[in-house]
There are 2 protein chains.
Amino acid sequence: MVERVVPEGKRQRRRPTKQGAVLSERLIVETALNLIAQHGAEALSVRRLGAALGADPSALYRYFRNTDALMLAVADELIGRAQQGWAPTGYWRADLRAIGLRIHGSYRSNPQAALLAAHRTTGRPHEMRAVETVLGVLREAGFPDGLAVRVYHAFVDQALAFAAQDAATLALPSAAKEADAEVWREVYGRLTSDTHPHIAATFPLLAADMRGSGYPFALELMLDAVAALKPVADAR
Amino acid sequence: MVERVVPEGKRQRRRPTKQGAVLSERLIVETALNLIAQHGAEALSVRRLGAALGADPSALYRYFRNTDALMLAVADELIGRAQQGWAPTGYWRADLRAIGLRIHGSYRSNPQAALLAAHRTTGRPHEMRAVETVLGVLREAGFPDGLAVRVYHAFVDQALAFAAQDAATLALPSAAKEADAEVWREVYGRLTSDTHPHIAATFPLLAADMRGSGYPFALELMLDAVAALKPVADAR
DNA sequence: ACCTGAACACCGTTCAAGT
DNA sequence: ACCTGAACACCGTTCAAGT
C-alpha cells in the first residue's frame, strides 16, 4: 500500500498549479471554510474546492487521504478557535454555563464540521483540556468525585448533543430548512382543537419558542438540578 | 407546476412493476429502513432503493417528490414505532420519563436511520401525535401554557439530541468505534496528575461512566428541575 | 394512471502520464 | 515531487414515451 499523504512538515518542494496557487494544508482548510461560509454547506465538494483553489480536484488527495480527513482538519481548526480567550471565574455555575454556551456557539458557527466532530472522541490536546477544565470546575466547587463524574458526563454530552442537533439544522440544504419552517406554519398552525386541543391552544407560543434553540433553557434546568444535588449549598 | 405526488389515500389503480412489486408509501418506507439496517445509511439512494423494490428508480417520484420527503417519512415511522403500545398514566414525571426513554431507545435501535431522521420536523401524523401527547401531559398536570411550551421544547429537543448522539456512536464503523474506545485507555488513562490532575484523580470512575449513555441521568436532572418550577407542588 | 428509460448535470476517487 | 486529465463508478432528478 502506497502512503500518498506526506505530513505537512516534510514537504520539500512545491510547484504552483496551472493557475498559480501554491497548495498547503492550511490554505485548503481555510478555503474550505470560506466556501462553506459563502455558498452554504452543500457547496463543499472536492471538485468545487479544487476550482476555488485553482487546482485540479485530484491534487487535494496529496494533502488529505479523503474527504473525511479534510473535514476533521476543518473541525480541529474550529475546536482551537472555540477555546481561545476563556478562563474560569471560580463560580461553578457561571463557568459551566459559559463553557456550555461556548461549545454550543462554536459548533453552530460551522455546522458542517460540527456534525463530523460532535460524536467522536479525538483524544487531541484541545479536547483533553476541555475535559480537565470541566472536571476541575466541579471538583474544586466541592462535588465529590462520583457525583462530579456523573455531572461531567451529563453536562458534556448535553452540550455536544444539542450542538450537533442545532448544527444539523443549520447544515440542512436551504430547501429542507424552508420545508421545516413551513411545517410549523402550514401543518401545526392549521390543527384544530377537536383533534389536537393542546397544540391548538398553545400554537402561537409554540411556534415562537420553536424558532430558537432549546439548549439555553435545557442547560439552565440542568444547572438548577445540579445545584440542588450539591452537598454543600453555597452562592457560587 | 404539475402536482405529481398523489396523496396515498387517493390512488385509484396500481400496476405492478416489471418485476411484480406493487408500490406504496408504506412498502417504500419499510424497504428503506431495511436497506439502511442491512447496509448502512450510505446505502440509501434512490437508485438502490428502486432496485431493492424491483422498480425503476424514477417510479419513486410518484410517491415522494424528492429524497427529502422520503427521509421525513422514514423519520416519522421511527417516531411512530417509539409510541406504539404506550398510554399515559396521569403522572407527568413518569409519563415524560417513559416518553423520553422510548424515543431514545427507538432511535438507538435504528442508529443508521436515526442519524438521518433525528433533526427534522416532519409535520406528519406520528410526530403530530407525539407533540400533542407531551403538551397534554404538561398542561393537564397544571403547567401554565408559557412554561409548558418551554419545557416541551427543552424536553423533546434533549431526547432527540441525545438519541442522535448515541445513535451516531452506534452507527460508527466498528474500526472507528474501537479507535474511540482506545482513546480512553491509551490517552486519558495515561494522563498524569502533574498535567491533568482532575482526570488522573477520577480516571477509573470516568472511564466506567463514559461507557454508558449520559441521557438517563440528564433526563432525571431535567425532571428534577421541572418539578421545582411547577406552580402547584404535588406528588405526581 | 402509473411505470420506464434515456438524458442531464453532477459526485468522490484512482492512477498513469506529464512537468 | 507534485500536479493533471481521463476514467470509473456512482449520484438525484426530469420528462417524453410506453402500457
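- For chain A, the name recorded in an unreviewed UniProt entry is TetR/AcrR family transcriptional regulator, with Streptomyces benahoarensis as its organism.

**Examining the domain arrangement of chain A**
Residue and element names in this part refer to chain A.
Then step 1. In terms of domain boundaries, chain A breaks down into domain 1 (8-65) and domain 2 (87-229).
Then step 2. Across the boundary between the two partners, domain 1 contributes four residues, which contact five residues of domain 2.
Then step 3. Across the domain 1 to domain 2 interface the summed buried area is about 360 Å²; carbon plus sulfur atoms make up 60%.
Then step 4. For domain 1, the biggest contributors to the area lost against domain 2 are Ile36, Ala41 and Glu42; these three give 78% of the whole.
Then step 5. Applying the counting rule to domain 1 against domain 2 returns zero salt bridges.
Then step 6. Connecting domain 1 to domain 2 are zero residue pairs in polar contact (both at pLDDT 80 or more).
Then step 7. Classifying every residue of the side of domain 1 that touches domain 2 gives three nonpolar, no polar and one charged.

**Brief notes about the relation of the copies chain B and chain A**
Then step 1. Overlaying chain B on chain A yields an RMSD of 2.4 Å, the required transformation being a rotation through 178° with an accompanying axial translation of 0.9 Å. In short, the pair behaves as if placed about a two-fold rotation axis. Taking C-alpha positions as reference, the residue of chain B nearest the rotation axis is Ala161(B), located at 2.3 Å.

**What about the pattern of salt bridges?**
All names here are of chain B.
Then step 1. Counted according to the given criterion, the structure contains 18 salt bridges over all chains.
Then step 2. Two residues, Glu30 and Arg26, come together in a salt bridge whose shortest N-O distance is 3.2 Å. With Glu30 and Arg26 both in helix 1 (residues 25-39) and four residues apart, the pair spans about one turn of that helix.
Then step 3. Relative accessible area serves as the criterion here: at 28%, Glu30 is assigned to the partly exposed category.
Then step 4. For Arg26, a relative accessible area of 56% puts it in the exposed group.
Then step 5. The closest approach of N and O atoms between Arg93 and Asp224, which form a salt bridge, is 2.8 Å.

**Focus on the interface of chain B and chain A**
Then step 1. At the junction of the two partners, chain B supplies 61 residues and chain A supplies 62 residues.
Then step 2. Taken as a group, Glu132(B), His198(B) and Phe217(B) account for 12% of the area that chain B buries against chain A, more than any other trio of residues on that side.
Then step 3. Summed over the shared surface of chain B and chain A, the number is zero salt bridges.
Then step 4. At the boundary of chain B with chain A, the tally comes to 15 residue pairs in polar contact (both at pLDDT 80 or more).
Then step 5. By residue number, the principal contributor to the side of chain B that touches chain A is helix 7 (residues 145-171) of chain B, which donates 18 residues.

**Overview of the side chain of Thr17(B)**
Residue and element names in this part refer to chain B.
Then step 1. Locating Thr17 in the fold gives a position in the segment before helix 1.
Then step 2. One polar contact links the side chain of Thr17 to the main-chain carbonyl oxygen of Gly54, over a distance of 2.6 Å.
Then step 3. When residues no more than four places from it in sequence are discounted, the contact partners of Thr17 are Leu23, Gly54 and Ala55.

**Some remarks on the environment of Arg65(A)**
Then step 1. Position of Arg65(A) among the secondary structure elements: in the loop between helix 2 (46-53) and helix 3 (67-83).
Then step 2. Taking C-alpha positions, Arg65(A) is 46 Å from Ala225(A), a pair spaced 160 residues apart along the chain.

**Describing the UniProt feature "domain: HTH tetR-type" (unreviewed entry) in chain A**
Then step 1. The UniProt record marks residues 22-82 of chain A with the feature "domain: HTH tetR-type" (unreviewed entry), using the residue numbering of this structure.
Then step 2. Secondary structure across residues 22-82 of chain A comprises 64% helix and 0% strand; the distance between its end C-alpha atoms is 28 Å.

**Remarks on the environment of Thr17(A)**
Then step 1. The exposure class assigned to Thr17(A) is buried, which follows from its relative accessible area of 17%.
Then step 2. The spacing of Thr17(A) and Leu53(A) is 36 residues in sequence and 9.1 Å in space, taken between C-alpha atoms.

**Describing helix 6 (residues 125-140) of chain A**
Residue and element names in this part refer to chain A.
Then step 1. Spanning 16 residues, helix 6 covers 22 Å between terminal C-alpha atoms, matching the ideal 22 Å at 1.5 Å per step.
Then step 2. Here helix 6 has its buried residues at Met128, Val131, Glu132, Val134, Leu135, Gly136, Val137 and Leu138.
Then step 3. One or two positions beyond helix 6, positive phi appears at Gly142, with a value near 105°.

**Side note on the packing of aromatic side chains**
Residues and elements named next belong to chain A.
Then step 1. Applying the stated criterion across every chain yields a total of five aromatic pairs over all chains.
Then step 2. On the basis of an interplanar angle of 85° and a centroid distance of 5.3 Å, the ring pair of Trp92 and Phe143 is categorised as edge-to-face. Linking Trp92 in helix 4 (residues 92-109) with Phe143 in the loop between helix 6 and helix 7 (145-171), this pair joins segments that are 51 residues apart in sequence. The pair formed by Trp92 and Phe143 is uniform in burial state, with each residue classed as buried.

**Thoughts on helix 7 of chain B**
Then step 1. In this model, helix 7 of chain B (27 residues) spans 38 Å end to end at C-alpha, consistent with the 39 Å of a helix rising 1.5 Å per residue.
Then step 2. The buried count for helix 7 of chain B comes to 22 of 27 residues, which makes it a mostly enclosed element.

So, how was this worked out
- Sequence positions are assigned chain by chain, starting from 1 and proceeding in written order.
- Think of it this way: whatever chain is written first is A, whatever ligand is written first is 1, and the rest follow in order.
- Side-chain atom pairs in this predicted model are given and counted only at pLDDT of 80 or more, local residue features only at pLDDT of at least 70, and totals for whole chains, interfaces and linings cover all residues.
- No hydrogens and no water enter the side-chain calculation; it runs on all heavy atoms of the structure.
- Boundary definitions for the domains trace back to an automatic or database domain assignment.
- Working rule for contacts: check all heavy atoms of both residues, and any pair within 4.5 Å makes them a contact.
- As a working definition, buried area equals the accessible area (1.4 Å probe) given up by two parts on being put together, with both sides summed.
- The term salt bridge refers to a pairing of a side-chain nitrogen on Lys or Arg with a carboxyl oxygen on Asp or Glu at a separation within 4 Å.
- Between N or O atoms, a polar contact is any pair within 3.5 Å; within protein, one atom must be a potential hydrogen donor and the other a potential acceptor, and residues adjacent in sequence are included only when both atoms are from side chains.
- Residues were grouped as follows: Ala, Val, Leu, Ile, Met, Phe, Trp, Tyr, Cys and Pro as nonpolar; Asp, Glu, Lys and Arg as charged; and all remaining residues, including Gly, as polar.
- Least-squares superposition aligns the copies on the C-alpha atoms of those residues with pLDDT at or above 70 in both.
- Comment: elements are numbered from the N terminus, with helices defined as DSSP H or I runs of at least four residues and strands as E runs of at least two.
- Here's how the labels work: a residue is buried when its accessible area is under 20% of the maximum for its type, exposed when over 50%, partly exposed in between, all with a 1.4 Å probe on protein chains only.
- UniProt positions are given in the numbering used here, feature names are shortened, and annotations may be inferred rather than shown by experiment.
- To estimate the expected span of a helix, count its residues, drop one, and scale the result by 1.5 Å.
- Two aromatic rings, drawn from Phe, Tyr or Trp (for Trp, its six-membered ring), form a pair once their centres lie within 6.5 Å of each other, and the interplanar angle then sorts them: stacked below 30 degrees, edge-to-face above 60, tilted otherwise.

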